[in-house]
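# Residue-level structure breakdown
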Amino acid sequence: MQTPPVALTIAGSEATGGAGAQVDLKTFQEHGVFGCVALTCIVSFDPQADWGHRFVPVDAGVIADQLEVITTAYGPEQLEVVKIGMLGTPVTIETVAGALRERAFGQVVLDPVLICKGQEPGAALDTDNALKEHVLPLATFVTPNHFESMSLAGMESIETVEDLTEAARRIHERSGAAVLAKGGVHLPGDDAVDVYVDAYRTEILSSPKLGGGVQVAGAGCTLAAAVAARLALGDEPFEAARAAKEFVTRGIEARLSSAAPFDVVWQGA
Ligand code: PXL
């Protein structure tokens, strides 16, 4: 048996298993990648309050402890890829950015979770600004959704594939990272269109819109985790983006329903 590559996710727990660290570990495992987690926060939706977010941050010292033991156990040759999901507070962002500056990772995949479904845009402006200032410059691969693309690119609206391409270019210029900007269901047409931009290429990735009008949660986490897993397995960034999109499409086709008002991606499809 060959030893698997190791990947780290720095992410929050979403108790029902539809998002966050749970999704990242399942996605890593499906790719044959050994996963470890530094937990940043615990999210429990509130079924009594329209499934809103109950959010508890993990103490900054505890986050630093987790990162210390992980990076001590696995050296830079064994653990090259880190995926960053929900950080949630400026203090957490500074702690994580400090750890990333101290220990260089070969690949830093950033899912720039600004607000979750159901949160008010602008509710966490200080967190958004801290993420842009401290973590975005460290990223080598960024996966913004429609809203995050507007925010990171400084655009008022993104209504067409051309707009999304412009946003992806601006985020690439700002960060130096490869960018996979996700149009999702927000652009018109029958296809879910994503735009990939790096220093060498601009590519449009299309797949039919799935989900039949039902909200599907966890697609963003699954996509970024699949990119991280493919990079850990040695893919080039664009190959990783294409393979990750296929992985998410299969997972959405096989999605899981529950008593929650949204379906979730099944990574085992
Ligand atoms: O999908 C974004 C996300 C990421 N991480 C955690 C979450 C959510 C959305 O609910 O709870 C922990």
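Report on the accompanying structure. What you see is a predicted model; the values in this text were computed from it and never measured.

What counts, and where the lines are drawn
- Each chain carries its own residue numbering, running from 1 in the written order of its sequence.
- Per-residue local features of the predicted model are confined to residues with pLDDT of at least 70, and side-chain atom pairs are confined, for both listing and counting, to 80 or more; whole-chain, interface and lining totals are unaffected and use all residues.
- The side-chain values count all of the structure's non-hydrogen atoms but skip hydrogen atoms and water molecules.
- Here, any two strands with at least 2 DSSP bridges between them count as paired.
- Strands are runs of DSSP state E lasting at least 2 residues, helices are runs of H or I lasting at least 4, and numbering of each runs from the N terminus.
- Buried Ala, Val, Leu, Ile, Met, Phe, Trp, Tyr and Cys residues that are joined via side-chain atoms within 4.5 Å together make up what is termed a nonpolar core.
- Throughout this description, buried means an accessible area under 20% of the type-specific maximum (1.4 Å probe, protein chains only), exposed means over 50%, and partly exposed covers the range between.
- Throughout, a residue-residue contact means that at least one pair of heavy atoms, one from each residue, lies within 4.5 Å.
- Polar contacts here mean pairs of N or O atoms no more than 3.5 Å apart (in protein, one a potential hydrogen donor and the other a potential acceptor; neighbouring residues in sequence count only if both atoms are side-chain atoms).

Here the focus is the pairing of strand S9 (residues 202–208). Relative to S9, strand S8 (residues 191–197) runs antiparallel, the two sharing 7 bridges. Bridge pairing in S9 places Val 193 opposite Ser 206. Linking S8 back to S9 in an antiparallel pair, the connection comprises 4 residues.

To continue, consider the nonpolar core. Among the nonpolar cores identified, the biggest contains 43 residues, and Leu 8, Ile 10 and Ile 84 are the most heavily contacted of them. What Leu 8 contacts, discounting residues up to four positions off in sequence, is Phe 28, Cys 36, Val 37, Ala 38, Leu 67, Ile 70, Leu 79, Val 81, Val 82, Lys 83 and Phe 105. Listed in part, the 28 residues of the second largest apolar core include Tyr 196, Ala 228, Phe 238 and Val 265.

Before going further, it helps to examine the side chain of Asp 194. Position of Asp 194 relative to the elements: it lies in strand S8. For Asp 194, a relative accessible area of 6% corresponds to the buried category. A distance of 3.5 Å separates a polar atom in the side chain of Asp 194 from the backbone nitrogen of Gly 183. Contact partners of Asp 194, with chain neighbours within four places excluded, come to Leu 180, Ala 181, Lys 182, Gly 183, Gly 184, Glu 203, Ile 204, Leu 205 and Lys 245.

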